[in-house]
Amino acid sequence: MQVAKSDPLTGAQIVMRALEEEGVDTVFGFPGGAVLFLYDALYACSSIRHILVRHEQGAAHAADAYARATGKPGVCFATSGPGATNLVTGITNAYMDSVPMVAFTGQVSLDLLGRDSFQEADITGITLPVTKHNFLVKDVGDLARIIHEAFHIASTGRPGPVLVDLPKDVTAAKADFVWPPKMQLPGYRVPKNGHGVNVPQWVEVLSRSERPVIYAGGGVITSGASSELLKLAEKCQIPVTTTLMGKGCFPEDHFLSLGMLGMHGTAYANYAVTNCDLLIALGARFDDRVTGSIASFAPQAQVIHVDIDPAEIGKNVLVQIPVVGDVRQVLATVLPALPELKHEAWLAQVEEWKKQYPLRYERSDTQIKPQQVIESISNLADDQTIVCTDVGQHQMWAAQYYRARRPRTFISSGGLGTMGFGLPAGIGAQVGRPEANVWVIAGDGSLQMTVQELATITQHDLPVKIAIIDNGYLGMVRQWQELFCEGRYSHTRITGPDYVKLAEAYGIPGYRIEDPGQVREALEQAKAMEGPVILDFVVCCEENVFPMVPPGGSLTEMLGNGR
Ligand SMILES: Cc1ncc(C[n+]2csc(CCOP(=O)(O)OP(=O)(O)O)c2C)c(N)n1
């Protein structure tokens, strides 16, 4: 039975009530004419905090990082037309990394739809391929139900962004607030308990394996399976490598941790995967940045693949033991049956690789090395510290040298590789986890893409610490030009503003650090300061990220792996 809970409300008020029902405490957004009534209803709504960004892309990235940091869906608002299209990069970013998000966009009134009206954009059409689902609300009576469905779809199964497009007259029209008593989505089924978990088969395959490796992705974090993963690794003595999205799902200071694998993974992770006889893939999707050449990826291994999304299984690699299900549920099912195992020879071999090919860089007394900055941030961090990165070399150095110890503490744009993600992500993470120390590790190129969000930090008093790895280049592209275009640096030299003055202009303390001897002290001081800080680390400008698997190469063909 459906129960009307109040007198008729406007569509805009229904949105607020529905958000409250969903437990939403924060919205990131930017107003406009088409969302005038929505913002008017927000004005009267004391339980929802609105973070006014400076560009809608920032709202989407902040909502995305809020979701990654908290596990709750992120919510953003934008007006119609340009507001909505400005969200698209952020929505796509969330889609590629399977992040739960609900984006509300204003739309022109129903009678103006399809007439090239002022600020009209077909945002449901535009976002069709980059949302898990989207809705154009045509009847205010459907609004509460649609919002409930949007949150359900965004946050269940393989999470992802859902967009709700709200014509202006729908937000003005009135209806009873009717919260749907139960979810009725017959076409949408979420696998849970693990379709096809054959426990005796797992026992047999694991017991027989001499050289097993666990390859863990973002799905481990999404499903909350970190402690099950730790139990599996320790009980069966299996080394664990993670993807960029999986960083933090397994403590990177654990002796069984191999760090990240793939293009800029550790040499020892890549050797272990190439030589393993059993690869247990958990909530990971065999991205090309991970596998390199598919033909030579884990060539001797039987593959177990656990994923909530059946479309991922067998998409890129042949899988002998497919399991569709929630990683945590699946591991909880098999763990009690698995025997305690030892793989002494294998672990000794892995140790040998770790010793022979550690991550390393040449230190300098005169120039700051980017790796040094990240290593120092890692050394200063506690378990709750959250690091958000931009995209480029600094991101890969962060993946290599920052040791994440807990899930939801390393936030980075993986699938889309979106420059400009870091700063708004830092905002979203800090708003979601106010008690945590939040660091943004930014490239000087990436930072300039969403630098206006510094004003958001100031306006909302967010104590985000920003470390700019300032190499004066679009470094990652420069590295490719050095390696693959005979050093022709076509348009990758980039200037920036004076970041100390820029910080000052936004009311944020800013410091430039050029001496390697001052890196640690600067970071310590920034950490001790209460509000936001910008540290501009002027680093050695032509440093490269190694090891590196050339695109399409096999994992053992690493450049700069110490051989
Ligand atoms: C929006 C966007 N445009 C272009 C690229 C291509 N790209 C990848 S890394 C990179 C360079 C990033 O430079 P910077 O932020 O300074 O970081 P660095 O590599 O120097 O550490 C570029 C241009 C991208 N990933 N995203």
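As a reminder, the structure under discussion sits directly above these lines.
Being a predicted model, the structure only gives us computed values, none of them experimental.

(A) The arrangement of the overall build of the protein chain in detail. Within the protein chain, the regular secondary structure consists of 23 helices and 20 strands. The principal-axis extents of the C-alpha atoms in the protein chain amount to approximately 70 × 60 × 40 Å. Classification of the 563 residues of the protein chain by burial places 59% in the buried group. Of all intrachain contacts in the protein chain linking residues separated by at least 6 positions in sequence, the fraction that spans at least 24 positions is 76%. Per element, the accessible surface of the protein chain, about 21900 Å² overall, is 50% carbon and sulfur. Each charge class in the protein chain was averaged separately, 45 positive and 60 negative side chains, and the resulting centres sit 4 Å apart.

(B) The nonpolar core, seen in detail. Judged by nonpolar contacts, the single largest core of 50 residues is most densely connected at Phe 28, Ile 411 and Ile 466. Take this core: its biggest share by element is eight residues, from helix 3 (residues 56-70). Within the second largest apolar cluster, 38 residues are counted, among which are Met 16, Leu 38, Val 75 and Val 140.

(C) Region of interest: unusual backbone geometry. That bond from Phe 546 to Pro 547 is cis: its omega, 0°, falls within 30 degrees of zero. Turning to its location among the elements, Pro 547 is positioned in the segment after strand 20 (533-538). Although it is not a glycine, Gln 119 adopts a positive phi angle of roughly 60°. What makes Gln 119 partly exposed here is its relative accessible area of 28%. Even without being glycine, Glu 486 reaches a positive phi, approximately 50°.

(D) How the structure looks around the pairing of strand 3 (residues 49-52). Strand direction decides the pairing type here: strand 2 (residues 26-29) and strand 3, joined by four bridges, are parallel. Residue pairing across strands places Thr 26 opposite Arg 49, the latter belonging to strand 3. In terms of handedness, the path from strand 2 via helix 2 (residues 36-43) over to strand 3 forms a crossover that is right-handed.

(E) The packing of aromatic side chains, seen in detail. Applying the stated criterion to the full structure yields 13 aromatic pairs. Seen from their ring centres, Phe 177 and Trp 179 are 5.9 Å apart, and the 10° between their planes marks the pair as stacked. A relative accessible area of 13% means that Trp 179 is categorised as buried. With a centroid separation of 5.6 Å and an interplanar angle of 75°, the aromatic rings of Tyr 473 and Tyr 489 are classed as edge-to-face. Within this pair, whereas Tyr 473 is found in the loop between strand 18 (465-470) and helix 21 (475-484), its partner Tyr 489 is found in the loop between helix 21 and helix 22 (499-505), the two being separated by 16 residues in sequence.

(F) Quick peek at the side chain of Thr 274. By the element assignment, Thr 274 lies in helix 12 (residues 267-275). The class for Thr 274 is buried, based on a relative accessible area of 11%. Here the side chain of Thr 274 touches Asn 270 through a polar contact of 2.7 Å, landing on its backbone oxygen. In this structure Thr 274 touches Ala 298, Pro 299, Gln 300, Leu 555 and Thr 556, once residues within four positions along its chain are discounted.

(G) Expanded view of empty space enclosed by the protein. Under the criterion given, the structure shown has one cavity of 30 Å³ or more. Taken as a whole, the largest cavity holds about 30 Å³ of empty space. Around the largest cavity, the lining residues are Ile 377, Leu 380, Ala 381, Thr 385, Trp 439 and Lys 527. Residues of the lining of the largest cavity, tallied by class, amount to four nonpolar, one polar and one charged.

(H) Representation of the environment of Ala 425 within the structure. In this fold, Ala 425 is placed in helix 18 (residues 422-432). Considered as a pair, Ala 425 and Val 438 are 13 residues apart in the sequence and their alpha carbons are 9.9 Å apart. Non-local contacts of Ala 425, meaning those with residues more than four positions away in its chain, are made with His 61, Ala 65, Cys 388 and Ile 411.

(I) Focus on the side chain of His 394. Mapping His 394 onto the fold places it in helix 17 (residues 393-401). Among the residues examined, His 394 registers a relative accessible area of 5% and is labelled buried. One polar contact links the side chain of His 394 to the main-chain amide nitrogen of Val 391, over a distance of 3.4 Å. Setting aside chain neighbours within four positions, we find His 394 in contact with Ile 374, Ile 441, Ala 442, Gly 443, Ser 446 and Ile 469.

(J) Quick look at the sheet that holds strand 3. Taken in spatial order, the six strands of this open sheet run 3-2-4-5-7-6, and their pairing is parallel. Each edge of the open sheet is held by one strand with a lone partner, namely strand 3 and strand 6 (133-136). Taken over all neighbouring pairs, the strand axes of this sheet differ in orientation by 20° on average, direction set aside. Running at roughly 125° to strand 4 (residues 74-78), helix 2 makes contact with strand 2, strand 3, strand 4 and strand 7 (161-167) of the sheet.

(K) View of the sheet that holds strand 14 (residues 321-324). Strand order in this open sheet of six strands is 11-10-9-12-13-14, and the pairing throughout is parallel. The open sheet has two edge strands, strand 11 (257-260) and strand 14, and neither has a second partner. Neighbouring strand axes in the sheet, compared pairwise and without regard to direction, differ in orientation by 15° on average. Sheet topology note: the strand 10 (residues 240-242)/strand 11 ladder contains two bridges and is parallel. Considered in strand 11, the bridge of Val 240 is made with Ser 257. Here helix 12 sits on the sheet in contact with strand 9 (212-216), strand 10, strand 11 and strand 12 (278-282), set at roughly 105° to strand 11.

(L) Up close: the packing of helix 11 (residues 226-236) against helix 14 (residues 327-334). Remark: helix 11 packs on helix 14, axes separated minimally by 9 Å, with the N-to-C direction vectors making an angle of 40°. Taken together, the axes of helix 11 and helix 14 are oblique relative to one another. Crossing hand, helix 11 versus helix 14: left-handed. Taking contact as the criterion, the partners of Glu 228, Leu 229 and Leu 232 in helix 11 are, on helix 14, Arg 328, Leu 331 and Ala 332. Of the residues contributing to the contact of helix 11 with helix 14, the split by class is four nonpolar, no polar and two charged.

(M) Up close: helix 2. Those residues of helix 2 that sit buried are Leu 38, Tyr 39, Ala 41 and Leu 42. Projected down its long axis, helix 2 shows its buried positions confined to an angular sector of 155°, all on one face. Structural note: helix 2 exposes Asp 40 and Tyr 43 on the side pointing more than 90 degrees away from its buried face. Buried residues along helix 2 sit in contact with helix 1 (11-21), strand 2, strand 3, strand 4 and strand 7.

(N) Region of the structure containing the site of the ligand. Neighbouring residues of the ligand: 17 residues in total, closest Gln 393, His 394, Gly 417, Gly 445 and Ser 446. At 2.8 Å, a backbone N or O of Gly 417 approaches a nitrogen atom of the ligand. Between the ligand and Met 419 there is a distance of 3.3 Å, counted from a nitrogen atom to a backbone nitrogen or oxygen. Residue assignment for the shell around the ligand shows that the elements contributing at least two residues are helix 17, helix 19 (444-447) and helix 21.

Each value, and the rule that gives it
- Residues numbered from 1 in each chain as written.
- Predicted model: local features only at pLDDT ≥ 70, side-chain atom pairs only at ≥ 80, totals over all residues.
- Heavy atoms only, no water.
- Helix = DSSP H or I, 4+ residues; strand = E, 2+ residues; numbered from the N terminus.
- Buried < 20%, exposed > 50% of the residue type's maximum accessible area, 1.4 Å probe, protein only.
- Contact = heavy atoms within 4.5 Å.
- Areas by Shrake-Rupley, 256 points an atom, 1.4 Å probe, with all protein chains shown as cover.
- Lys, Arg positive; Asp, Glu negative; His and termini not counted.
- Charge placed at Lys NZ, Arg CZ, Asp CG, Glu CD.
- Core = buried A, V, L, I, M, F, W, Y, C linked by side-chain atoms within 4.5 Å.
- Pairing = 2+ DSSP bridges.
- Right-handed = clockwise from strand over helix to strand, strands pointing away.
- Phe/Tyr/Trp six-rings, centres within 6.5 Å; stacked < 30°, edge-to-face > 60°.
- Polar contact = N/O pair within 3.5 Å; in protein donor to acceptor, adjacent residues only side chain to side chain.
- 1 Å grid on protein atoms, 1.4 Å probe; cavity = no way out; pocket = protein on both sides within 12 Å on 5 of 7 lines; lining within 4 Å.
- Points joined across faces, edges and corners; volume = space filled by probe spheres on them.
- Nonpolar A, V, L, I, M, F, W, Y, C, P; charged D, E, K, R; others polar.
- Axes fitted to C-alpha atoms, helices over the stretch in contact; angles between N-to-C directions.
- Parallel < 35°, antiparallel > 145°, perpendicular 65-115°, else oblique.
- Left-handed = near helix turned anticlockwise from the far one by under 90°.
- Arc of directions from axis to C-beta.
- Near = heavy atom within 4 Å.

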